2 protein chains.
Amino acid sequence: MIMRFLHTADWHIGKELGAYSLLAQQTAAFNEIMQIARDEKVDAILLAGDLYDRAIPPTTAVNALEDMLKALNLTSELPIFAVSGNHDGPARLGAGKEWREANQFYLRTELAEAFVPIEFGNTQIFMLPFLDPLDARIYYEIENDSGEMRTINDVMTRVVADMKNEFTPGMQHVLVSHYYVTGSRNEDYTLTSETTSSVGGLKGIDVNVFNDFDYVALGHLHLKQASPSKNVQYSGSPIKFNTKEAQSEKGVFIVDIDDTGVNSKWMPLHPDKDLILLTESFETLIDADFYQQYERNGANLFSIQLTDQPQVSDLRKQLVDIYGEIAEIQFPKIQMEMNDVAKRLKEQEEVSNQTLIQEFYEEVMHDKLNQNQMEIIEQTLIGLSREVTD
Amino acid sequence: MIMRFLHTADWHIGKELGAYSLLAQQTAAFNEIMQIARDEKVDAILLAGDLYDRAIPPTTAVNALEDMLKALNLTSELPIFAVSGNHDGPARLGAGKEWREANQFYLRTELAEAFVPIEFGNTQIFMLPFLDPLDARIYYEIENDSGEMRTINDVMTRVVADMKNEFTPGMQHVLVSHYYVTGSRNEDYTLTSETTSSVGGLKGIDVNVFNDFDYVALGHLHLKQASPSKNVQYSGSPIKFNTKEAQSEKGVFIVDIDDTGVNSKWMPLHPDKDLILLTESFETLIDADFYQQYERNGANLFSIQLTDQPQVSDLRKQLVDIYGEIAEIQFPKIQMEMNDVAKRLKEQEEVSNQTLIQEFYEEVMHDKLNQNQMEIIEQTLIGLSREVTD
């Protein structure tokens, strides 16, 4: 019996670039994934974490993800094996999961659930949500200062050993999970990926930990090239989230598993628009000789990094008039100045309030604080903190 | 065939008084409700809105509510008929509701769902979530400036008429909903209730709108005395949320319905501690002759309103040492001064930022801003607004 899975991950529903929502592109990519699942007659979906972009996604994202899950699991009756990733809030995403399970939608958000595999055809499917070594030490009742289980590789070694106790001989074994896994094959790619080895304070996991699994469906890194081996793979995200991924192809894996082995094939997705990064001065950006080399006005999505700091009042308007859809306009110079202020504040241990106010201001004004404003806030916070301690 | 329901509402899971979490009391009350449901052998639970206290509840509240729903519906196999209230976020609370429904947990969060009754024994159960007249005008495709459906009473008249089209003759008809409903019986109580007729900009609904229902299980008002008739009732909240309710009894209704009519009985809950309001000067509060009249040190929960503004640095500590558990200490005098500042700011159209910063400060510091701090922020906001418009 061959079991056929569609492996996808890192949907990051609700993600925005600047104030630009990616929801339309994410929905289009999802519809392509649905079509592939139907055309390829897959038996189930492996969804390897980061369903949402944040622990508290906006309600538009909640509605969008729910629509996708309903289409897959309720309308198309496709079983789903899913875990929460580091971007998901386990409690919020996991609310109601026990009811979903009755319709073969298995969503794991806690470590304890990782040791209860689901028997599905001739496979045993294990699901391990993203967790911190601290969570694992609590689960295994290990003292924090014992020196045990310090790294995520330590944790995974123990978790996989406990999973193997549940292995039924003669069945195939699949794991769905969401971590940074390294192997000889992917070192170059993981280094250039958005997610570096230090994210979340976690070092990587050695791919050899998973040798006894027939297939490991990973999420976390957004490029399939980051896959450490042919049996331990990242599907990557369905759409491009940043300009480092501009040259890469997005897609899903179709994975066939039986007792003779694993075969996976890559199925590319076809986004209707690409994400193009422009790092130029304002003068260059508004020069017809420059911009006419790009398809514009909705054909592409532009992310602009200004190399200068032009004093133009309708800067955004001018750029939108030329380029059409602009995801974000970044001012690296101003960012650097803000970082300087933040650094000084950190030394005064005021950074968290400052950061909160920055975020609050950006949310309310859809604009960043300038140097002058930052200094007013800095002085105010220092004044307030003196008030409090007086 | 007699159908027996347990009618409860307004759980407000996640609610805090000041920084004091009510979760322990809410869990104790829930356990009592579970016991009543078992002892009374009810056929189903009617849960009339405000399951959560806020649209984005803390994860402790998510986990607590999910535990309660699992205990009721998955462990005890009790059907639940529930609606979202004005405190619930319909999208977040409603996520996954389609899967819950397979186990007879019916949760309605949208108007469109109100016209699909569930046949349950000899009853047809309709569920109408809280909504704004604006939502109804969108649903019914009524122009905002048409003058139609201005009030919630207009909306309810139309909604009930549409529900009646779905009535199966010979069955009993039950509605679960979450609104401010007025009748001759309850006028005194609704006026003194926390929720006044102007909350949410909504006027009340005339109880006579519901004449064709056998029973209407309401949420929204927190005292059973606010019930407009014996067939249109508020169960009230399971625990006391504010000191205006200090004299009232909390509980649930057990409602028997068959073709001969409706019988409901009140089942009181027995909180292990009461909420006691003290409005006194600091001097009185620390006077043994005064405080010895109360059971203290965990036996009761105190809400303190200071009538003066004492210059005591360890005020909270002194009061906690005497009274044990204190939910909140209010300073009405300082509040009035803050209102004065807010009023001045409103005239300068800066009130919303000011309010946000106040709330932010209170959340971070668990303390209120004093007059001096308020003035610094006022000046800063004015300065910032000049920066922005420059």
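Above this note sits the structure.
As the structure is a prediction and not an experimental result, all values here were calculated from the model.

Conventions we followed
Residues numbered from 1 in each chain as written. Chains lettered and ligands numbered in written order. Predicted model: local features only at pLDDT ≥ 70, side-chain atom pairs only at ≥ 80, totals over all residues. Heavy atoms only, no water. Helix = DSSP H or I, 4+ residues; strand = E, 2+ residues; numbered from the N terminus. Buried < 20%, exposed > 50% of the residue type's maximum accessible area, 1.4 Å probe, protein only. Polar contact = N/O pair within 3.5 Å; in protein donor to acceptor, adjacent residues only side chain to side chain. Phe/Tyr/Trp six-rings, centres within 6.5 Å; stacked < 30°, edge-to-face > 60°. Lys NZ or Arg CZ within 6 Å of the ring centre and 35° of its normal.

Undergrad: For this particular structure, what's the right way to read unusual backbone geometry?
TA: Trans is the prevailing form of peptide bonds, just as negative phi is the prevailing case for residues other than glycine. All names here are of chain A. In the Ramachandran plot, Lys41 falls in the positive-phi region, its phi being about 50 degrees despite a non-glycine side chain. Positionally, Lys41 belongs in the loop between α1 (23-39) and β4 (44-48). By relative accessible area, Lys41 is classed as exposed at 65%.

Undergrad: Looking at this model, I keep getting lost on the side chain of Ser227 of chain B. Mind explaining?
TA: All names here are of chain B. Tracing the chain through its elements places Ser227 in the loop between β12 (215-219) and β13 (232-234). In this structure Ser227 comes out as buried when scored by relative accessible area, which is 2%. Polar contacts involving the side chain of Ser227 include one to the main-chain carbonyl oxygen of Lys224, which spans 2.7 Å.

Undergrad: Hey, could you run me through the packing of aromatic side chains in this one?
TA: By convention here, two paired aromatic rings are described through the distance between centres and the angle between planes. Overall, the coordinates contain 32 aromatic pairs over all chains when judged by the stated rule. With centroids separated by 6.1 Å and ring planes inclined at 45 degrees, the aromatic side chains of Phe5 of chain A and Phe120 of chain A adopt a geometry described as tilted. Taken together, the residues Phe5 of chain A in strand β1 (residues 3-8) and Phe120 of chain A in strand β7 (residues 118-120) connect sequence positions 115 residues apart. Note on accessibility: Phe5 of chain A and Phe120 of chain A belong to one class, buried. Summarising the aromatic geometry, the rings of Phe167 of chain B and Phe213 of chain B are spaced 5.3 Å apart at their centres and angled 75 degrees between planes, so their arrangement reads as edge-to-face. Taken together, the positions of Phe167 of chain B in the loop between α6 (152-164) and β9 (172-178) and Phe213 of chain B in the loop between β11 (205-206) and β12 put the pair 46 residues apart, joining distant regions of the chain. Residue Phe213 of chain B is classed as buried on the basis of its relative accessible area, which comes to 5%. Here the aromatic residues Phe290, Tyr291, Tyr294, Phe302 and Tyr323 of chain A are joined through ring pairs into a cluster of three or more. One residue, Lys224 of chain A, lies across the ring of Trp266 of chain A, its end atom 4.5 Å from the ring centre.

Honestly, that's just the spatial picture; any functional story needs more than this.
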